[in-house]
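The lines below spell out each chain.
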Amino acid sequence: MTQFIEEFTPEELQTISQEFKRLGENTYLDHAGTTLYSEKQIEYAEKVLKENLFCNPHTCKVTGDLVDQVRFRILNHFNTDANNYSVVFTANATAALKLAGECFNFGEGGRFYYCQENHTSVLGMREVVRTNDLVALTKDDLLDNLKGDENVHLTEATSNSLVVFSAQCNFSGYKLPLSLIPAIQKNGLRSQGTRVRGSSSGPDNSNFYVCLDAASFVATNFLDLSQYPADFVCVSFYKIFGYPTGVGALIVSKRGEKLLKKSYYGGGTVQISMTLEDFHVKRNGFTDHFEDGTLSFLGIAKVLEGFRTHERLIAQRGDLKPIQRISNHVFNLAKYCYDVLRQLKHPNGQKLIEFYNHTDYNSVQEQGGIITFNILHDDGTYVGFAEVACIAAIFNVQLRTGCFCNPGACQNHLKLSNDVIRKQFKAGHICSDYNDLIDGIPTGAVRMSFGYMTRKDDVDKALRIIADCYLKTDRERLRLMENSKSIPRALEHIPRRLKKTTLTKICIYPVKSCGSFEIHGSWEITERGFLYDRNWMIVDGNGMAVTQKTHIRMCLIRPRIDIEAGVLELAFPGMASISVPLDHSTEGIAKSVQTSVCQSKVCDDMVEGLDCGDEAAKWISDCLECPGMRMVRQNAGRKTKNGEAKELNLVNQGQFLLLNKTSVQWLASKVESEQEDLDITVDRFRANLIIETKTPLEENHFEEITIGSVRFKVDGFCKRCQMVCIDQHSGQKTIEPLRTIAKEFKGKIQFGIYVSLIDFKENVFISCRDDIQIKLKQT
Ligand SMILES: *Cc1c(COP(=O)(O)O)cnc(C)c1O
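Report follows, based on the coordinates. In this text, all values refer to a predicted model and were calculated from it rather than measured experimentally.

Taken together, Asn-92, Ala-93, Thr-94, His-119, Asn-170, Asp-213, Ala-215, Ser-216, Ser-236, Tyr-238 and Lys-239 form the complete shell of residues around the ligand. Between the ligand and Tyr-238 there is a distance of 2.6 Å, counted from an oxygen atom to a side-chain nitrogen or oxygen. A distance of 2.8 Å separates an oxygen atom of the ligand from a polar side-chain atom of Lys-239. Burial of the ligand by the surrounding chains reaches 90%, relative to a free accessible area of 380 Å². Those elements giving two or more residues to the shell around the ligand turn out to be helix H4 (93-103) and helix H9 (238-241). For the shell around the ligand, the residue count by class is 3 nonpolar, 6 polar and 2 charged.

Set out below in structure tokens:
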């Protein structure tokens, strides 16, 4: 029996949920990426700004004093004070690690040691440290230092070595014992680790200093610096409080202070600096030395509200501080999640989950609120993490996939050799892309992480989705055994009445991400694709183009183009339709429309557009039940990232998406859940050209296709995203057919092909009556 232990009282749970109303239907499980701020926290933090006249801390002492107040509060949180530590404010934990790396004085022969399972922000220190001796330590190398007797007692050496490790791994949630800190400071290292650069060998008799990457740890754990006196501690405050961003700190022990040297100065870090002579004197205070320029003083002021939020929402219980109770809470969630997932098995006995962890979630001392894994099919092959991310997104579950900026942990846990990693890189995989499987081997994993406002219900929802999508019920299993899995058998169901390829349907999507407009007759082709295809888009109050992924109702907005009347008509269930002019330059119409140029980003490219006026904006905002929406007509072509104009409408990739209905039928026959009308499935793909061929997947071998007199070349596969999971007629989300696509194509989520024009000519039309000719790829 799997039990969940609730740390918080019902009253606490109640108050917490009232401050996170905006979550609504969303399940947020990426607290290791950032936790969430409470709504009152923002309100109170803004109130402080509204009621005070804060000026530049270099100008007025009051602001400077407030900043110092925040330093005291931070030290107090870590159970220490200004006699023992200094707080140097930075932009984030990465900046703190970089600062420590750049400024640490290694002397002659000091070495830089880092744990292999570390964030890239630590690995980057290798490029700035002032020593040439770099050594990687495994977690076990580190743990060795807790075994056996003390080493030779170190004398005052002239060289200094720096050891960096994460207090909590952001990949697996594993917590290294903090007793390593005093052990290493006192005895140095037992293991020599793996030399990565430099030539020094033999024992290291330097003085040892410890830099703790605490960015992940302090988010949900109490760091007691009086017990574990790390010399340098790096943190980001948004990871603890969700807000503000842009404030981090390098917390430095008195012992560590002596070892940091910095040459650059700027802003408040200098007492005097002369321009015509090479002369300057730095300020005396330690932190003054390191905080160049003007601090993010308003951001820093808001950190106080973060501490107050924890205290307001979570009571001290006995000796347990709010942060320690948060620690228990997230651990209990992770343990519960782990215990449930561990028991899930496919009907054939194959386990569903491969975990990446160093512990069995038995103790909050060793394990944080993070759980990382990959899902397995019943034959033991991996489900790609991109597919899992898509499916989670369909159900409004936010989780993180990939290797989370921790390549060492990823390599260790996934047991990837250096060769495999190089091979994956050669095959085109880079950090944070969606190349999730290469030759069936995963390049990353799925991570769920918890915060104080995560509820058991959130975890249950994620667990239910995983079980529903990846575990087959007995009934489904029986059906599978009756139907052979092989493609040829499935094909027998498809009638072979078609002798040759025909064009069955032409669709355009005048407003990006809204409903389709089916063309009956013929339609003009322009240099940029079908006339009026994706000519308009909807942008939110920030000028960002919105899509069905976040505004699912968009698919219910039905556009109709009336060329004779010169209007685009928009309809929506239960609302009177409206029209906007097809062409802004038309005399008289342009005047009635308040046009302002707006810029927006579509698939990484900047586009410019003309606003379609207040009436359309209000109508769209009403449809989507979301105020502040604007409708924008594209002005000119798109510019790609490097500035070259791209003759494209607002489509994502290529000019025309071509779909084969026969392939869709084949796909539908593979879908295990209830069947829907074939045309509904076809519409999910939002294609422009829908053809029908004799056999499924023929289109994957096309090189060129000629429709009537228009020649198209094939640009490549369409990489399907979660949009296919939206039924374009009802606006309902389903996991199919995405799951089946991923399964049938071995994790590659692709279906349909992109084609583009060869040789554009003016005044060209195509229609469904046109003949089709196909040139196949040479194999
Ligand atoms: C998040 C994180 C970092 C980097 O923090 P930034 O705020 O992005 O600078 C470094 N190390 C670990 C362990 C982290 O979790």
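What follows concerns the sheet that holds strand E32 (residues 656-660). Spatially, E20-E19-E33-E32-E36-E35-E34-E38 is the arrangement adopted by the 8 strands of the open sheet, whose pairing is mixed. For this open sheet the edge positions go to strand E20 (517-519) and strand E38 (772-776), each flanked by a neighbour on one side alone. When strand polarity is set aside, the average angle formed by the axes of neighbouring strands in this sheet is 30°. In the sheet, E32 pairs with strand E36 (residues 750-757) via 3 bridges, with the strands oriented antiparallel. Among the inter-strand pairings, Leu-657 is bridged to a residue of E36, identified as Tyr-754. Here helix H22 (residues 661-670) sits on the sheet and contacts E32, strand E33 (689-692) and E36; the angle it forms with E32, its principal contact strand, is near 55°.

For an α-helix, 3.6 residues make a turn, and residues three or four places apart therefore share a direction. Of all the positions in H4, only Ala-93, Ala-96, Leu-97, Leu-99, Ala-100, Gly-101 and Cys-103 are classed as buried. Looking at where H4 begins, the residue whose side-chain oxygen comes 3.3 Å from the main-chain nitrogen of Thr-94 is Asn-92.

Moving on, we get to the layout of surface pockets. Volume-wise, the second largest pocket comes out at about 650 Å³. Together, 24 residues line the second largest pocket, and Pro-407, Gly-408, Gln-411, Asn-418 and Ile-421 are the ones closest to its centre. Contributions of two or more residues to the lining of the second largest pocket are made by strand E4 (134-137), strand E6 (194-197), helix H15 (407-414) and helix H16 (418-426). Top contributing element to the lining of the second largest pocket by residue count: H16, with 5 residues. For the lining of the second largest pocket, a count of residues per class yields 13 nonpolar, 9 polar and 2 charged.

Within the structure shown, the criterion is met by 8 cavities of 30 Å³ or more. Taken as a whole, the largest cavity encloses approximately 130 Å³ of empty space. Looking at the largest cavity, it is lined by 15 residues, and the ones nearest its centre are His-31, Ala-32, Ala-219, Thr-220 and Phe-450. In the lining of the largest cavity, the residues fall into 6 nonpolar, 8 polar and 1 charged. Each of domain 1 (89-261) and domain 2 (324-479) contributes no fewer than three residues to the lining of the largest cavity. Considered as a void within the structure, the second largest cavity measures approximately 70 Å³ in volume. What lines the second largest cavity is Val-388, Ile-391, Ala-392, Val-397, Leu-399, Ala-462, Ile-465, Ile-466 and Tyr-470. Of all the secondary-structure elements, those providing two or more residues to the lining of the second largest cavity are helix H14 (385-394) and helix H17 (456-470). Per element, the largest residue contribution to the lining of the second largest cavity is 4 residues, and it comes from H17. Per-class residue counts for the lining of the second largest cavity are 9 nonpolar, no polar and no charged.

The peptide bond linking Tyr-243 to Pro-244 adopts the cis configuration, its omega dihedral lying at 0°. Residue position: Pro-244 is located in the loop between H9 and strand E9 (248-253). Across the junction of Glu-736 and Pro-737, the peptide omega takes the value 5°, indicating a cis bond. Positionally, Pro-737 belongs in the loop between strand E35 (710-719) and helix H24 (738-744). Within the chain, Tyr-361 stands out as a residue other than glycine whose phi angle is a positive 60°. Looking at where Tyr-361 falls in the secondary structure, it is placed in the loop between strand E12 (353-355) and strand E13 (370-375).

A separate point is the packing of aromatic side chains. By the definition in use, this model includes 20 aromatic pairs. Taking 4.7 Å as the distance between ring centres and 75° as the angle between the ring planes, the aromatic pair formed by Phe-104 and Phe-106 counts as edge-to-face. Overall, the relative accessible area of 1% leaves Phe-106 in the buried class. Taken together through their ring pairs, the aromatic side chains of Phe-104, Phe-106, Tyr-209 and Phe-232 make up a single cluster.

Let us now look at the sheet that holds E12. A sheet is described by the order of its strands in space; here 4 strands give the open sequence E12-E13-E18-E15, paired in antiparallel fashion. Whereas interior strands pair on both sides, the edge strands pair on one side only; in this sheet they are E12 and strand E15 (400-402). Between one strand axis and the next, the sheet turns by 35° as a mean value, whatever way the strands run. One ladder, built from 3 bridges, connects E15 with strand E18 (residues 445-449); its direction is antiparallel. Looking across to E18, one finds that Arg-400 is bridged to Arg-447.

Okay, the pattern of salt bridges next. Two side chains bearing opposite charge may form a pair once their charged atoms approach each other closely. All told, the structure shown has 45 salt bridges when counted by the stated rule. Residue Glu-39 is joined to Arg-22 by a salt bridge in which the shortest nitrogen-to-oxygen separation is 3.1 Å. Pair noted here: Glu-39 is in helix H2 (residues 39-51) and Arg-22 is in the loop between helix H1 (10-18) and strand E1 (27-28), with a separation of 17 residues, a long-range link. Here Glu-39 falls in the partly exposed class, since its relative accessible area comes to 26%. By relative accessible area, which is 37% here, Arg-22 ends up partly exposed. When the shortest N-O distance is used, the salt bridge between Arg-111 and Asp-204 registers 3.9 Å. Separated by 93 residues along the polypeptide, Arg-111 in the loop between H4 and strand E3 (112-115) and Asp-204 in the loop between E6 and strand E7 (207-213) bring together distant segments of the chain.

Calculation rules
- Residues numbered from 1 in each chain as written.
- Predicted model: local features only at pLDDT ≥ 70, side-chain atom pairs only at ≥ 80, totals over all residues.
- Heavy atoms only, no water.
- Near = heavy atom within 4 Å.
- Polar contact = N/O pair within 3.5 Å; in protein donor to acceptor, adjacent residues only side chain to side chain.
- Areas by Shrake-Rupley, 256 points an atom, 1.4 Å probe, with all protein chains shown as cover.
- Helix = DSSP H or I, 4+ residues; strand = E, 2+ residues; numbered from the N terminus.
- Nonpolar A, V, L, I, M, F, W, Y, C, P; charged D, E, K, R; others polar.
- Pairing = 2+ DSSP bridges.
- Axes fitted to C-alpha atoms, helices over the stretch in contact; angles between N-to-C directions.
- Contact = heavy atoms within 4.5 Å.
- Buried < 20%, exposed > 50% of the residue type's maximum accessible area, 1.4 Å probe, protein only.
- 1 Å grid on protein atoms, 1.4 Å probe; cavity = no way out; pocket = protein on both sides within 12 Å on 5 of 7 lines; lining within 4 Å.
- Points joined across faces, edges and corners; volume = space filled by probe spheres on them.
- Domains from an automatic or database assignment.
- Phe/Tyr/Trp six-rings, centres within 6.5 Å; stacked < 30°, edge-to-face > 60°.
- Salt bridge = Lys/Arg side-chain N within 4 Å of Asp/Glu carboxyl O.

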